[in-house]
Amino acid sequence: MATKHDKPKVGEEPARQDAPPAVLALDLKPGALSPENRAYFDKCQEKLGFVPNVLLSYAHDDAKLTAFAAFYNDLMLAPSGLSKLEREMIAVAVSSVNRCYYCLSAHGAAVRQLSGDPVLGELMAMNYRAANLSARHRAMLDFSVKLTETPHLIGDDDREGLRKAGFGERDIWDIGAVASFYNMSNRMASAVDMRPNAEYHGQAR
């Protein structure tokens, strides 16, 4: 019931954006998965409550899914001088440059969860330079973003800057590998209009 305080609405209301998303824009039918990949999907469902759409996007080809998952798990979960959070921070900073909707949603949620700091997650997604970061983290992200924007300009001075910030030779490799992986993933996600699972948007807020 209208009251005298109601004001007439002007403009146009945007459509709701929270409908369950399509996984991707290509009509690729799921293929037959190996027992290992079926078990991997079951583990995701058990631990996360859903299977990430990036994995479903690769599920049309079991070999490609296996290769992608193995590379991801090695880069992001294997022992490293970089913490899991630091690797996720690189993922989000790179994805911010590339404006990758999928990776900003998924890995932004991971930064929020791992750090316990929703503000850090937003800063990584929007502009990491506005964050109160240590010299280590600033050097790590500056290198990752330069590698994303102008890879041909990376030189000895950039690697030396990482050494001065406390990174070892293997750490520098890992920074480069993580940044490079997300540049590839961002471009693939954009190529097929990969959409993040709706669950990511509300996680660790």
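This section reports on the structure supplied with the text. (Residues numbered from 1 in each chain as written. Predicted model: local features only at pLDDT ≥ 70, side-chain atom pairs only at ≥ 80, totals over all residues. Heavy atoms only, no water.)

**Section: the environment of Ala 25**
Assignment of secondary structure puts Ala 25 in the segment before helix 1 (35-48). A residue is classified by how much of its surface remains accessible, and Ala 25, at 56% relative accessible area, is exposed. Measuring from C-alpha to C-alpha, the distance between Ala 25 and His 137 comes to 36 Å, with 112 residues separating the pair along the chain. Setting aside chain neighbours within four positions, we find Ala 25 in contact with Val 192 and Asp 193. (Helix = DSSP H or I, 4+ residues; strand = E, 2+ residues; numbered from the N terminus. Buried < 20%, exposed > 50% of the residue type's maximum accessible area, 1.4 Å probe, protein only. Contact = heavy atoms within 4.5 Å.)

**Looking at the packing of helix 3 (residues 62-77) against helix 4 (residues 84-98)**
Two packed helices can be described by the angle between their axes and the distance between those axes. It is at 9 Å that the axes of helix 3 and helix 4 come closest, and there the two elements cross at 120 degrees. Viewed along their axes, helix 3 and helix 4 adopt a mutual orientation that is oblique. Of helix 4, the residues touching helix 3 (which contributes Tyr 72, Asp 74, Leu 75, Met 76 and Leu 77) are Lys 84, Arg 87 and Glu 88. Grouping the amino acids of the contact of helix 3 with helix 4 by side-chain chemistry returns four nonpolar, no polar and four charged. (Axes fitted to C-alpha atoms, helices over the stretch in contact; angles between N-to-C directions. Parallel < 35°, antiparallel > 145°, perpendicular 65-115°, else oblique. Nonpolar A, V, L, I, M, F, W, Y, C, P; charged D, E, K, R; others polar.)

**Let's talk about the nonpolar core**
Leu 55, Ile 90, Tyr 102, Met 124, Leu 141, Ile 175 and Tyr 182 are the most contacted members of the largest nonpolar core, which has 52 residues in total. Among the elements that line this core, the one with the most residues is helix 9 (residues 169-192), at nine residues. Filtering out sequence-adjacent residues up to four positions away, Tyr 182 remains in contact with Tyr 72, Met 76, Ala 91, Val 94, Cys 103 and His 107. (Core = buried A, V, L, I, M, F, W, Y, C linked by side-chain atoms within 4.5 Å.)

**Remarks on the environment of Ala 131**
Inspection of the secondary structure puts Ala 131 in the loop between helix 6 (118-126) and helix 7 (135-149). Sequence separation of Ala 131 and Gly 121 is 10 residues, and the distance between their C-alpha atoms is 10.0 Å.

**Focus: the packing of aromatic side chains**
Here the structure, examined in full by the defined rule, presents seven aromatic pairs. Geometrically, the ring pair formed by Phe 68 and Phe 181 is tilted, given 5.6 Å between the ring centres and 35 degrees between the ring planes. Here the residue Phe 68 occupies a position in helix 3, and Phe 181 occupies one in helix 9, the gap between them amounting to 113 residues. Judged by relative accessible area, Phe 68 falls into the buried class, the value being 9%. The exposure class of Phe 181 is buried, given its relative accessible area of 3%. Put simply, the rings of Tyr 58, Phe 68, Phe 71, Tyr 72, Phe 181 and Tyr 182 touch in pairs and so form one group of aromatic residues. (Phe/Tyr/Trp six-rings, centres within 6.5 Å; stacked < 30°, edge-to-face > 60°.)

**Comments concerning unusual backbone geometry**
Of note in the backbone geometry, Asp 193 takes a positive phi value of approximately 55 degrees without being a glycine. By relative accessible area, which is 34% here, Asp 193 ends up partly exposed. In this structure, Ala 204 is a non-glycine residue whose phi angle is positive, near 55 degrees.

**Comments concerning the side chain of Asn 197**
Tracing the backbone through its elements, the reader meets Asn 197 in the loop between helix 9 and helix 10 (199-202). Only 2.8 Å separates the side chain of Asn 197 from the backbone nitrogen of Asn 53, close enough to count as a polar contact. Among residues more than four places away in sequence, those in contact with Asn 197 are Phe 50, Val 51, Pro 52, Asn 53 and Tyr 102. (Polar contact = N/O pair within 3.5 Å; in protein donor to acceptor, adjacent residues only side chain to side chain.)

**What to know about the environment of Ser 144**
In this fold, Ser 144 is placed in helix 7. Here the alpha-carbon distance between Ser 144 and Ile 90, two residues 54 residues apart in the chain, equals 6.6 Å. From its side chain, Ser 144 meets the backbone oxygen of Met 140 in a polar contact 2.9 Å long.

**Details of the state of the cysteines**
Here the structure, examined in full by the defined rule, presents zero disulfides. Of all cysteine sulfurs, the one in Cys 103 lies closest to Cys 44, which takes part in no disulfide; the gap is 15 Å. Cysteine Cys 103 remains unbridged, with the sulfur of Cys 100 as its closest cysteine sulfur at 3.8 Å. Judged by relative accessible area, which is 4%, Cys 103 ranks as buried. (Disulfide = S-S within 2.5 Å.)

**Brief notes about helix 4**
Look at helix 4: 21 Å from first C-alpha to last across 15 residues, which is about the 21 Å you get at 1.5 Å a residue. Every buried residue of helix 4 is accounted for by Glu 86, Arg 87, Glu 88, Met 89, Ile 90, Ala 91, Val 92, Ala 93, Val 94 and Ser 95. Taken together, the buried residues of helix 4 touch helix 3, helix 5 (101-115), helix 6, helix 7 and helix 9. Trailing helix 4 by a residue or two, Arg 99 shows a phi angle of about 55 degrees, which is positive. (Expected span 1.5 Å × (residues − 1).)

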